[in-house]
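Observations on the model geometry
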Amino acid sequence: MGFPQIIGHEPQKEFLRNSVRKNRISHAYLFSGPEGVGKKLVATGFAKLINCAEGGAENLDCECTSCAKTEKGLNPDVLVFGYPGEKTIKVDHVRQDIERLIHLAPYENPYKVFIIDGAQRMNFNAQNAFLKTLEEPPPNSVIILITTLADLLMPTIRSRCQSVVFQPLEVEQVRKFLEEERPGENDPELVSKISGGSISRALGTDEDYLRKRIEYVDCVIAVDAKKPLTLFDSVERIQKDVKGAPQELKTVFDILSTWLRDSVVLKTSGKREEIVNTDLIEQLSEYSEKRDVPELLGKFAALEETMARISENNANVEVSLENLLLKLSR
């Protein structure tokens with residue numbers, strides 16, 4: 001996929017094109033921004049421009065051998081490291097995959113390009129080892145770090161990279177993509193709003209997610225502080241999905257966070273076009289009408305505190321959910 005086919009990010013793409021046009025290609029780039037907005041696609045597209053044999057930045061739909069190999073993941077001079085099964089990128093990964101290869105001359109292209117996806121997962125030792133590579137890079141190498149959390153990288157690493165910051169895609173761009181690529185699947189307007197500007201999130205918003213969204217919101221609404229059984233029933237419904245699948249907690253918190261965000265928007269501006277859960281507007285109106293803005297913001301804080309306790313302090317999930325739902329229902 002070339003730059004023209006990548007959705008959005010026109011300023012970022014033009015900046016990278018200009019670096020090729022003016023022969024001002026940096027030895028290292030830091031692509032930062034939300035998950036699933038196209039950072040890796042742009043990185044791969046940039047690798048194609050750097051090594052394109054037929055026009056570079058001006059030949060936007062090139063089919064030269066180098067570009068074709070990069071597109072298929074077969075270019076020996078464009079190496080992508082993601083470590084999808086690893087929580088942490090360790091020093092051995094850096095030494096074996098970066099330090100060992102970066103000083104080798106390119107096989108058949110002007111540059112050897114290293115793309116490191118999820119760079120924020122590098123631990124302290126890995127970052128220290130990587131810093132040495134950044135301090136003395138070979139002239140024919142380009143490193144592209146991709147991250148959702150640039151602040152987790154050492155300042156000395158960030159300062160040695162050309163920063164390219166990505167923003168979420170516009171709702172309209174995601175909606176158009178869904179209508180073209182997934183015609184007839186779910187409601188593209190609703191899914192594009194739920195996506196938060198992320199194509200990958202939009203593609204992952206299936207019927208099961210949409211069902212859970214309604215179910216988890218119902219769990220909050222059903223709780224009556226004066227009737228303990230309603231609390232236990234709601235927690236049990238959520239626990240059914242969460243038990244044995246810790247990653248499902250992220251879905252729970254994501255859905256409830258969006259619900260609270262919508263409630264605040266409805267309470268403060270009343271602009272329904274800014275609401276994500278457009279199909280739940282009636283429940284949202286009823287929920288927000290009964291509470292003032294400080295209360296709603298307090299519930300937001302309670303949600304974040306619960307997330308932190310579970311993820312950082314290994315708090316008991318069932319008890320944490322009971323306390324959270326009780327606070328959200330009041």
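The structure we're discussing is the one just above.
As for helix α3 (residues 65-72)
Here α3 has its buried residues at S66, C67 and T70. Buried residues of α3, viewed axially, fall in a sector of 95°; they line one side. For α3, the exposed residues lying more than 90 degrees away from the buried face are T65 and K72. Elements in contact with the buried residues of α3: α2 (39-51) and β2 (78-81).

Brief notes about the pattern of salt bridges
Within this structure, the stated rule accounts for 21 salt bridges. The residue R211 makes a salt bridge to D208 at a minimum N-O spacing of 2.7 Å. In this pair, R211 and D208 both sit in helix α10 (residues 207-222), three residues apart, roughly one turn of the helix. The exposure class of R211 is partly exposed, given its relative accessible area of 39%. Two residues, D262 and R261, come together in a salt bridge whose shortest N-O distance is 2.9 Å. When salt bridges with common partners are traced through the structure, they connect D208, R211, K212, E215, K240, D241 and E248 into a single cluster.

Let's talk about the sheet that holds strand β3 (residues 112-117)
Taken together, the five strands give an open sheet; going across it, the order is β2-β3-β4-β1-β5, and neighbouring strands pair in parallel fashion. Unpaired on one side and paired on the other, β2 and β5 (162-165) mark the two borders of the sheet. The average undirected angle you get between the axes of adjacent strands in this sheet is 15°. Across five bridges, the pairing between strand β1 (residues 28-32) and strand β4 (residues 141-147) is parallel. Bridging from a neighbouring strand, S32 pairs with T147 of β4. Running over the sheet, helix α5 (residues 124-135) touches β1, β3 and β4 and is turned about 140° from β4.

Let's talk about the packing of helix α4 (residues 91-102) against α5
Between α4 and α5, whose axes approach to 8 Å, the crossing angle comes to 15°. Viewed along their axes, α4 and α5 adopt a mutual orientation that is roughly parallel. In the packing of α4 onto α5, the handedness of the crossing is right-handed. Contact residues: V91, V94, I98, E99 and I102 in α4; N125, A126, A129, F130 and T133 in α5. Of the residues assigned to the contact of α4 with α5, the class counts are seven nonpolar, two polar and one charged.

Some remarks on the packing of helix α12 (residues 248-268) against helix α14 (residues 293-313)
In helix packing, the relevant descriptors are the interaxial angle and the interaxial distance, both defined with respect to the helix axes. Remark: α12 packs on α14, axes separated minimally by 10 Å, with the N-to-C direction vectors making an angle of 165°. Here α12 is positioned roughly antiparallel relative to α14, judged by the angle of their axes. In terms of crossing hand, the pair formed by α12 and α14 is left-handed. Here L249, F253, L256, S257, L260, R261, S263, V264, K267 and T268 of α12 come into contact with α14, specifically with V293, L296, L297, K299, F300, L303, T306, M307 and I310. When grouped by side-chain class, the residues that make up the contact of α12 with α14 number twelve nonpolar, four polar and three charged.

Some thoughts on the side chain of R291
Summarising the element assignment, R291 is placed in the loop between α13 (281-289) and α14. Within the buried core, R291 has no salt-bridge partner, and the shortest N-O distance to an opposite charge, that of E295, equals 5.9 Å. At a separation of 2.9 Å, a polar atom in the side chain of R291 contacts the main-chain carbonyl oxygen of S329. When neighbours within four sequence positions are excluded, R291 is seen to be in contact with K267, L296, K299, L328, S329 and R330.

Re the packing of aromatic side chains
Overall, the coordinates contain six aromatic pairs when judged by the stated rule. Between the aromatic rings of F31 and F166, the centroid separation amounts to 5.3 Å while the plane-to-plane angle is 50°, which identifies the pairing as tilted. You can see F31 sitting in strand β1 and its partner F166 sitting in the loop between β5 and α7 (171-181), a full 135 residues away along the chain. Considering the side-chain rings of F81 and F114, the 6.4 Å spacing of their centres and the 20° angle between planes classify their relative orientation as stacked. Placement of F81 in strand β2 and of F114 in strand β3 is noted, with a sequence separation of 33 residues between them. By the burial criterion, F81 is buried, and F114 matches it.

Analysis parameters
Residues numbered from 1 in each chain as written. Predicted model: local features only at pLDDT ≥ 70, side-chain atom pairs only at ≥ 80, totals over all residues. Heavy atoms only, no water. Buried < 20%, exposed > 50% of the residue type's maximum accessible area, 1.4 Å probe, protein only. Helix = DSSP H or I, 4+ residues; strand = E, 2+ residues; numbered from the N terminus. Arc of directions from axis to C-beta. Contact = heavy atoms within 4.5 Å. Salt bridge = Lys/Arg side-chain N within 4 Å of Asp/Glu carboxyl O. Pairing = 2+ DSSP bridges. Axes fitted to C-alpha atoms, helices over the stretch in contact; angles between N-to-C directions. Parallel < 35°, antiparallel > 145°, perpendicular 65-115°, else oblique. Left-handed = near helix turned anticlockwise from the far one by under 90°. Nonpolar A, V, L, I, M, F, W, Y, C, P; charged D, E, K, R; others polar. Lys, Arg positive; Asp, Glu negative; His and termini not counted. Polar contact = N/O pair within 3.5 Å; in protein donor to acceptor, adjacent residues only side chain to side chain. Phe/Tyr/Trp six-rings, centres within 6.5 Å; stacked < 30°, edge-to-face > 60°.

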